[in-house]
Amino acid sequence: MLVVRMLRPIVGGMVRTLACRSCTAILPPVLPVRVLSSSPVQTPTDAHFHSASSSETGPPRVLITGGLGQLGMGLANLLRNRFGKDNVILSDIKKPPSHVFCSGPFVYADVLDRQNLREIVVNNRVTWLLHYSALLSAAGEANVSLARAVNITGLHNVLDIAAEHNLRLFVPSTIGAFGPTSPRNRTPDLSVQRPRTIYGVSKVHAELMGEIFHDAVKRGKFECNLRPSTRLPMMYVDDCLRATLEVMEAPAESFSMRTYNVTAMSFTPDELAQEIAKHVPEFRITYCVDPVRQAIADSWPVSLDDSMARKDWGWKHDFDLPELVTTMLSLHGCDTRIAQAN
Ligand SMILES: NC(=O)c1ccc[n+]([C@@H]2O[C@H](COP(=O)([O-])OP(=O)(O)OC[C@H]3O[C@@H](n4cnc5c(N)ncnc54)[C@H](O)[C@@H]3O)[C@@H](O)[C@H]2O)c1
C-alpha cells in the first residue's frame with residue numbers, strides 16, 4: 001500500500017502564490033494519482049507565461065527549499081524530467097547523500113538566512129520557488145520556538161524574496177491546519193481552522209499569508225504614500241537610458257548649455273491608477289499619506305520644461321502614460337488581461 005499525499009492547489013489563474021492544502025489519500029499503487037488539473041503550473045506554455053519576466057523564455061528556473069525531506073527529492077525528479085536537470089535546484093540545511101548531490105544542482109539554503117536566500121535567487125535567476133522547508137508536527141511540538149522560526153519567519157523571508165524578485169511561489173499546507181473543531185467529514189475548503197499544534201498554527205498562518213500576498217500582487221491592490229493629486233514629472237526607464245546615450249553621442253557643437261532638463265510626462269497617483277484600471281478593472285488603490293515622503297514630493301517640480309534638450313540635441317520621449325502602463329503591466333505578467341482589454 002502506498003501512502004500518497006496529494007497537493008491540491010486552491011487558487012488558479014494568474015497567480016504568483018499558490019497556497020495549497022494537502023489531502024491524504026491511501027491508494028494502492030495502481031490507482032492513478034489525481035493530478036494538479038486546475039493548476040496553471042502544468043504546461044510549458046504556462047511555465048513561460050509565469051516566468052519572472054515576460055521577456056524571459058524557456059523553462060522556469062526552480063528552487064526547492066527543504067528539498068532533502070520526504071517530499072522534496074521526488075518533487076525535484078518530477079520537475080527535472082519536465083524542465084531539465086539544471087533548471088531545478090534542490091536546497092536544504094542538511095548534507096545531501098551522494099546520489100542526490102550527483103543527480104543535479106544542490107545548494108545550502110537556510111530559510112532563516114534571508115540574505116543567502118536572496119543571493120541564490122539572484123545568482124541562479126530563479127523564477128519559481130517551491131517552499132518545502134518546515135518543522136512538521138512531532139518535530140515542531142518538540143521544539144516550538146524553532147518551529148515558529150522556520151515555519152513562520154522562514155515563510156516571511158520567502159514571501160519577501162518572492163515579491164522582490166517577482167517569483168512564482170508554491171507553499172504546501174497540510175490537513176494539520178485543521179483542528180478538533182473543524183468538520184471531520186468532507187471538510188470544505190473554508191471552515192473553522194483552530195489547530196492545536198505549532199505546525200498547524202503556522203500552516204494556517206501560511207494559508208492566510210498566501211491569500212494576502214496573492215491579493216496584494218495580483219488582484220491589484222496598492223497603498224500609495226502620497227496624496228492622489230500629487231503631480232510629479234516622470235520618465236519610463238527605457239527613455240531615461242536612451243536619453244543618456246543620446247546626450248553622450250550628440251555632437252559637442254549641438255549643446256548651447258551644459259545642464260538640460262529631460263522629461264517625458266507628468267502624472268498624479270490618481271491618474272496612474274485610472275490608467276491601470278483600464279487594464280485591470282479590479283485594481284484598487286488606497287492612500288496612506290506618509291508626511292515625510294509627501295513633504296519631499298511637494299518640494300519637487302510638478303513638471304519640467306525640456307524644450308532645450310528637444311531643440312539642441314533632438315530629445316524625444318517614446319513613452320507617455322498609456323504606453324508606460326501597458327509596458328509595465330506586460331512585464332509583470334498581466335499581458336493576457338491587457339490583450340483582452342484592447
Ligand atoms: N510529508 C507529508 O506527508 C506532508 C503532508 C502535508 C504537507 N507537507 C508539507 O510539505 C513540505 C515538505 O514536507 P516533508 O515531508 O518533505 O518534510 P520533511 O520534514 O521531511 O523535510 C523538511 C525539510 O526542511 C528542512 N529544513 C528545516 N529547517 C530548515 C531551514 N531553516 N532552512 C531550510 N530547510 C530547513 C529539513 O532539513 C528537511 O529536510 C512541508 O512544508 C510540509 O508541511 C508534507
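Summary of the structure given here.

Reading guide: rules and limits
Here the residue numbering is sequential within each chain, running from 1 through the sequence in written order. Since the coordinates come from a predicted model, pLDDT governs what is reported: local features require at least 70, and pairs of side-chain atoms require 80 or more to be given and counted, while whole-chain, interface and lining totals use all residues. For the side-chain quantities, the full set of heavy atoms in the structure was used; hydrogens and water were omitted. Strands are runs of DSSP state E lasting at least 2 residues, helices are runs of H or I lasting at least 4, and numbering of each runs from the N terminus. Working definition: with a 1.4 Å probe on protein chains only, accessible area under 20% of the residue-type maximum means buried, over 50% means exposed, and in between means partly exposed. The span one expects for a helix is its residue count, reduced by one, times 1.5 Å. Here the arc refers to the directions that run from the helix axis out to each C-beta atom. Here a cavity denotes a set of grid points, spaced 1 Å apart and computed over the protein atoms alone, in which a 1.4 Å probe fits but from which it cannot get out, and a pocket denotes an open set meeting protein on both sides within 12 Å along at least five of seven lines; residues with an atom within 4 Å of a point are reported as lining. Grid points are joined across faces, edges and corners, and a volume is the space filled by probe spheres set on the points. Polarity classes work like this: nonpolar for Ala, Val, Leu, Ile, Met, Phe, Trp, Tyr, Cys and Pro, charged for Asp, Glu, Lys and Arg, and polar for all others, with Gly in that last group. Two aromatic rings, drawn from Phe, Tyr or Trp (for Trp, its six-membered ring), form a pair once their centres lie within 6.5 Å of each other, and the interplanar angle then sorts them: stacked below 30 degrees, edge-to-face above 60, tilted otherwise. The rule for a charge over a ring is simple: NZ of Lys or CZ of Arg within 6 Å of the ring centre, and within 35 degrees of the ring normal. Think of a nonpolar core as a cluster: buried Ala, Val, Leu, Ile, Met, Phe, Trp, Tyr and Cys residues, connected wherever their side-chain atoms sit within 4.5 Å. Basic side-chain nitrogens of Lys or Arg form a salt bridge, by our definition, when they fall within 4 Å of a carboxyl oxygen of Asp or Glu.

## Notes on the environment of Thr-259
Residue position: Thr-259 is located in the loop between α8 (237-249) and β10 (265-267). With 50 residues separating them along the chain, Thr-259 and Ala-309 place their C-alpha atoms 9.2 Å apart.

## Some points on the pairing of strand β7 (residues 168-172)
Of all the five residues making up β7, five are buried; the element is thus mostly covered by neighbouring parts of the structure. By the alternation rule, side chains of β7 split into Arg-168, Phe-170 and Pro-172 and Leu-169 and Val-171, which are all buried.

## Some words on helix α2 (residues 72-83)
Across its 12 residues, α2 extends 16 Å between first and last C-alpha, which sits within 8% of the 16 Å expected from 1.5 Å per residue. Turning to α2, its buried residues are Gly-72, Leu-75, Ala-76, Leu-79, Arg-80 and Phe-83. The arc that holds the buried residues of α2, viewed along the axis, is 130°, so those residues lie on one side. Turned more than 90 degrees away from the buried face of α2, the exposed residues are Leu-78 and Asn-81.

## Considering helix α9 (residues 269-279)
The α-helix winds at 3.6 residues per turn, so residues separated by three or four positions along the chain end up facing the same way. Within the span of α9, buried status applies to Pro-269, Ala-273, Glu-275, Ile-276 and His-279. Taken end-on, α9 shows its buried residues confined to a sector of 165°, consistent with a single buried face.

## Structural notes on empty space enclosed by the protein
Tallied over the entire structure, the rule returns two cavities of 30 Å³ or more. His-131, Ser-133, Ala-134, Asn-151, Leu-155, Val-171, Ser-202, Lys-203 and Ala-206 are the residues that line the second largest cavity. Listed by contribution, the elements that provide at least two residues to the lining of the second largest cavity are α6 (144-164) and α7 (198-220). When its residues are assigned to classes, the lining of the second largest cavity shows four nonpolar, four polar and one charged.

## What about the packing of aromatic side chains?
A full pass over the atoms with the stated rule returns six aromatic pairs. Judged by centre distance (6.4 Å) and plane angle (40°), the rings of Trp-313 and Trp-315 are tilted. Sitting over the face of the ring of Trp-128, Arg-168 holds its NZ or CZ atom 5.9 Å from the ring centroid.

## Topic: the nonpolar core
Grouped together as the largest cluster of nonpolar side chains are 24 residues, with contacts concentrated most on Leu-63, Leu-167 and Leu-169. Examining the composition of this core, we find that seven residues originate from one element, α6, more than from any other. Among the nonpolar cores identified, the runner-up in size contains 15 residues, and Leu-75, Leu-90, Trp-128 and Phe-170 belong to it.

## Notes on unusual backbone geometry
The phi angle at Arg-125 is positive, at roughly 50°, despite the residue not being glycine. For Arg-125, the position within the fold is in the loop between α4 (114-123) and β6 (128-131). The phi dihedral of Arg-186 is positive, around 45°, even though this residue is not glycine.

## Thoughts on the pattern of salt bridges
Overall, the coordinates contain 11 salt bridges when judged by the stated rule. Asp-298 is the partner of Arg-227 in a salt bridge, and the nearest nitrogen-oxygen pair spans 3.1 Å. Of this pair, Arg-227 sits in the loop between β8 (221-224) and β9 (232-234) while Asp-298 is found in helix α10 (residues 291-298), placing the two residues 71 residues apart along the sequence. Accessibility expressed as a relative area gives 39% for Arg-227, which makes it partly exposed. A salt bridge links Arg-242 to Asp-239, with the nearest nitrogen and oxygen atoms 3.0 Å apart. On the criterion of helical spacing, the pair formed by Arg-242 and Asp-239 is a turn pair, its members being three residues apart in helix α8. Exposure remark for Arg-242: the relative accessible area of 23% places this residue in the partly exposed category.

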